[in-house]
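Examining the three-dimensional arrangement
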Amino acid sequence: VFAAVSDVYFARTPVVVWLASRLMGGKTRSLSTLAATKAVTHGVSANILAGSGEQARRALVYLHPDSHESIWHAPNAPRHYLTEHARQRAASKTVVRLCNGGTITALNASMSAVHGPHPGLLCIDEADDVQREVLDAAMGQAESKVWPGSHGEVVPSCTLISSTRYYCFCSRCRFRFHVSENFA
């Protein structure tokens, strides 16, 4: 899993596909942790575009500081990056804001969600459940950004597509990108 995560973190290719089984692959937890790590270390925005409302809620369980399964409860988690608002907000909100300007947003896959801001990292979770038009529109969302606080260093963008093998490579999805052999 480490190599698959590093493929995305270092944006070795503009698009990376993770394939793993449902419930046992750990895709949602891994991409939630990855999105938070990228936002903490580079101060960029990361969007998690979930294939369904339920999938977005699962991602939020890992991201919300008040959730018992939150990644922010891990030993040595950089909780000091959470804004006071993030520490006190209700679990129904979809955005976690960090002190360094980074944000992590979980969204249900829709056309309005993909026409929003351009994050440095876009994670599409359970892509096999995302409508084809939404998936196609999302592919242009991730955008390279100048690293806040740097001397013009650019953080390359990356789009992560996670999926099961259930519908993968069907005409609806057509993943024709780098498939990370390092996951699962």
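Structure: above.
Residues numbered from 1 in each chain as written. Predicted model: local features only at pLDDT ≥ 70, side-chain atom pairs only at ≥ 80, totals over all residues. Heavy atoms only, no water.

Once that is clear, we can look at the pattern of salt bridges. Pairs can form between side chains of opposite charge whenever their charged atoms are close. According to the stated counting rule, one finds six salt bridges in the structure shown. With a closest N to O distance of 3.1 Å, Arg12 and Asp7 form a salt bridge. Notably, a salt bridge pairs Arg58 with Glu54, separated by 3.9 Å at the nearest N-O pair. Highlighted residues: Arg58 and Glu54, both in helix 3 (residues 53-63), separated by four residues, approximately one helical turn. Take Glu54: its relative accessible area is 40%, and that puts it in the partly exposed class. (Salt bridge = Lys/Arg side-chain N within 4 Å of Asp/Glu carboxyl O. Helix = DSSP H or I, 4+ residues; strand = E, 2+ residues; numbered from the N terminus. Buried < 20%, exposed > 50% of the residue type's maximum accessible area, 1.4 Å probe, protein only.)

The subject of this paragraph is the packing of helix 2 (residues 27-42) against helix 3. Describing two packed helices takes the angle between their axes plus the distance from one axis to the other. Orientation of helix 2 relative to helix 3, taken along the N-to-C sense of each, is 55 degrees, at an axis distance of 9 Å. Accordingly, the angle class assigned to the pair helix 2 and helix 3 is oblique. By crossing handedness, the relation of helix 2 to helix 3 is classed as right-handed. For the pair helix 2 and helix 3, the contacting residues are Thr28, Arg29, Ser32 and Ala36 in the first and Gln55, Arg58, Ala59, Tyr62 and Leu63 in the second. Partitioning the contact of helix 2 with helix 3 into residue classes produces four nonpolar, three polar and two charged. (Axes fitted to C-alpha atoms, helices over the stretch in contact; angles between N-to-C directions. Parallel < 35°, antiparallel > 145°, perpendicular 65-115°, else oblique. Left-handed = near helix turned anticlockwise from the far one by under 90°. Contact = heavy atoms within 4.5 Å. Nonpolar A, V, L, I, M, F, W, Y, C, P; charged D, E, K, R; others polar.)

Let us now look at the packing of aromatic side chains. Across all of its chains, the model carries one aromatic pair by this definition. With 4.9 Å between their ring centres and 90 degrees between their planes, Tyr9 and Phe10 make a pair best called edge-to-face. When the ring centre of Tyr9 is taken as origin, the NZ or CZ atom of Lys38, which lies over that ring, is 4.9 Å away. (Phe/Tyr/Trp six-rings, centres within 6.5 Å; stacked < 30°, edge-to-face > 60°. Lys NZ or Arg CZ within 6 Å of the ring centre and 35° of its normal.)

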